[in-house]
Amino acid sequence: MATNKSLSKRTPTSNLMLFSGRAHPTLAREVAELLEVNLVPTTAYDFANGEIYVRFDESVRGCDAFVIQSHSAPINEAIMEQLIMIDALKRASAKRITVVLPFYGYARQDKKHLGREPISARLMADLFLAAGADRLMTVDLHTAQIQGFFDGPVDHLLAMPILTRQVRKRYGNKPLAVVSPDAGRIKVAEHWARQFDNAPLAFIHKTRDVTQANVTKANRVVGDVAGRTCILVDDLIDTGGTICQAAEALKAGGAAEVVIAATHAVFSGKAVELLKNSVATEVIVTNTLPLNEAQRFDKLTVLSIAPLLAQAVSAVFEDGSVTSLFSE
C-alpha cells in the first residue's frame, strides 16, 4: 500500500487566533493590533428569549485560541457568552484554549462569610474548566487565592506597573504616602510603597456589614499622612462609597491631597457622581472594563491594559516566561 510521504513528514505549526466577545470589543481590537493579528470574525446574537448564539466564521481547527471577554454589566450575559465561545472552540477542535479575563466576575465571592453561602469565584473556575478552557489569564484578582480555584495554569497579571508609572509621572516630586482602603489590602499597598522608595504606609480602619453588599464605614486613618500626597490604592471601584469615604478620612487626617488608583472601574450606581464630587485630585483606572461617555469625568484618567495583555498572550503562545509580567 502506497503511503503519502509528504503527509508523514508534515510538522504541525501552531496558529494564534484571537477571539472577542461583545462585552469590550474596543480592548480586544487594541490587543489584536499590538499582536499584529486580526480578530476572528464571529457571528453572535441573542434570541428573543435572551439565549445567546455564537459561531466563528472561519476554521479554528488546531489553533492556539485566546478568548477575550471582560465581565462587564450585564455581567451574567458576558460570562455566559464567553462560556459558549469556549464550548464552540472545543467542539471545533481548537488545540488549546486560553481564557483572557481582564476582569474576573464574582471574584469578591471567594469565601464564605456566613453559613449557606456559595463560593461563586470557585464556581466560575469550574464553569470555565467544564466548558473546555485549558488556561486562564486575568488581571488583579480581588484575592490571589482564586488562582488555586482553576485546575490548570493561571496567569495573574498585575496592573501595578502601569498605574505606578502614571503616579510617578504626575506626583513623583511630592512627598507621598501609600494608603490601603482597608486592612485586607495592606500587602498590595506594601508592594506599591516599595515602588516609591518605601514611602510611608497607612490604612483606613473600616467596618463592614456582612449581611449587605457594598455597605462599609470608614472609621479612622492608621498611619501618618499629614502634609503628604496620599495614593489610595485598590483593585476595583464599584459603587465608590468606600473609596470616597476613605479619601475624606485622609483629608480629615491632614493629607495634602488624595489620588485614587484602581485597576477595575466597575462604576455601579452613583459611583461616577460620588467620584466626581469627591475630595480626590485624580482618579486613575485602567480599561479592563468598558466605560461609556457618561461614566467619564474631568478627574478620571484611563490607562490602557492592552500592552500587558498583548505581552502575556505573546509569551504564552511562544511558550515563553510570563513570570516577569506578574511578579512584584
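All residue numbers refer to positions counted from 1 along the written sequence of the respective chain. Local features are withheld for residues below a pLDDT of 70 in this predicted model, meaning they are given only at 70 or higher, and side-chain atom pairs are given and counted only at 80 or more; totals for whole chains, interfaces and linings count all residues. Side-chain figures throughout are based on the complete set of non-hydrogen atoms in the structure, without hydrogens or water.

Trainee: Talk me through the side chain of Thr301; I want residue IDs and the actual numbers.
Mentor: Starting at the N terminus, helices and strands are each numbered in turn, a helix being any DSSP run of H or I of at least four residues and a strand any DSSP run of E of at least two. Within the secondary structure layout, Thr301 lies in strand E14 (residues 300-303). Exposure classes here rest on a 1.4 Å probe applied to the protein chains alone. A residue is buried below 20% of its type maximum, exposed above 50%, and partly exposed in between. For Thr301, a relative accessible area of 18% puts it in the buried group.

Trainee: Pulling in residues and values, what's your account of the nonpolar core?
Mentor: Of all hydrophobic cores here, the largest spans 42 residues; its most connected members are Val31, Leu157, Val178, Trp192, Ile231, Ile305 and Leu309. If you tally residues by element for this core, the top one is helix H9 (residues 306-317), at eight residues. By nonpolar core is meant a set of buried Ala, Val, Leu, Ile, Met, Phe, Trp, Tyr and Cys residues that side-chain atoms within 4.5 Å join together. Among the nonpolar cores identified, the runner-up in size contains 33 residues, and Met17, Leu101, Ala133 and Ile146 belong to it.

Trainee: Describe the sheet that holds strand E6 (residues 135-139), naming the residues involved and giving the relevant values.
Mentor: Here, strands pair whenever DSSP counts at least two bridges between them. Strands sit in the order E1-E4-E5-E6-E7 across an open sheet of five strands; the sheet is parallel. Two strands in the sheet have a free side with no partner beyond their single neighbour: strand E1 (16-20) and strand E7 (154-157). The average undirected angle you get between the axes of adjacent strands in this sheet is 15°. With five bridges connecting them, E1 and strand E4 (residues 64-68) associate as parallel partners. Bridging across to E4, Ser20 finds its partner in Ile68. Here H9 sits on the sheet and contacts E1, E4, strand E5 (96-101), E6 and E7; the angle it forms with E6, its principal contact strand, is near 160°. Fitted lines through C-alpha atoms give the axes, limited to the stretch in contact for helices. The angle between two N-to-C directions lies from 0 to 180 degrees. Whether two residues touch is decided by their heavy atoms; if any such pair falls within 4.5 Å, the residues are in contact.

Trainee: Account for unusual backbone geometry, naming residues and giving values.
Mentor: Of the consecutive residues Ala73 and Pro74, the connecting peptide bond is found in the cis state with omega at -5°. Inspection of the secondary structure assignment puts Pro74 in the loop between E4 and helix H3 (75-91). Here Tyr106, not a glycine, exhibits a phi torsion of approximately 70°, which is positive. As for its position among the elements, Tyr106 is in the loop between E5 and helix H4 (120-131). Overall, Tyr106 belongs to the partly exposed group, its relative accessible area being 29%. In the Ramachandran plot, Asp319 falls in the positive-phi region, its phi being about 55° despite a non-glycine side chain. Along the chain, Asp319 falls in the loop between H9 and helix H10 (323-326). Judged by its relative accessible area of 64%, Asp319 falls in the exposed class.

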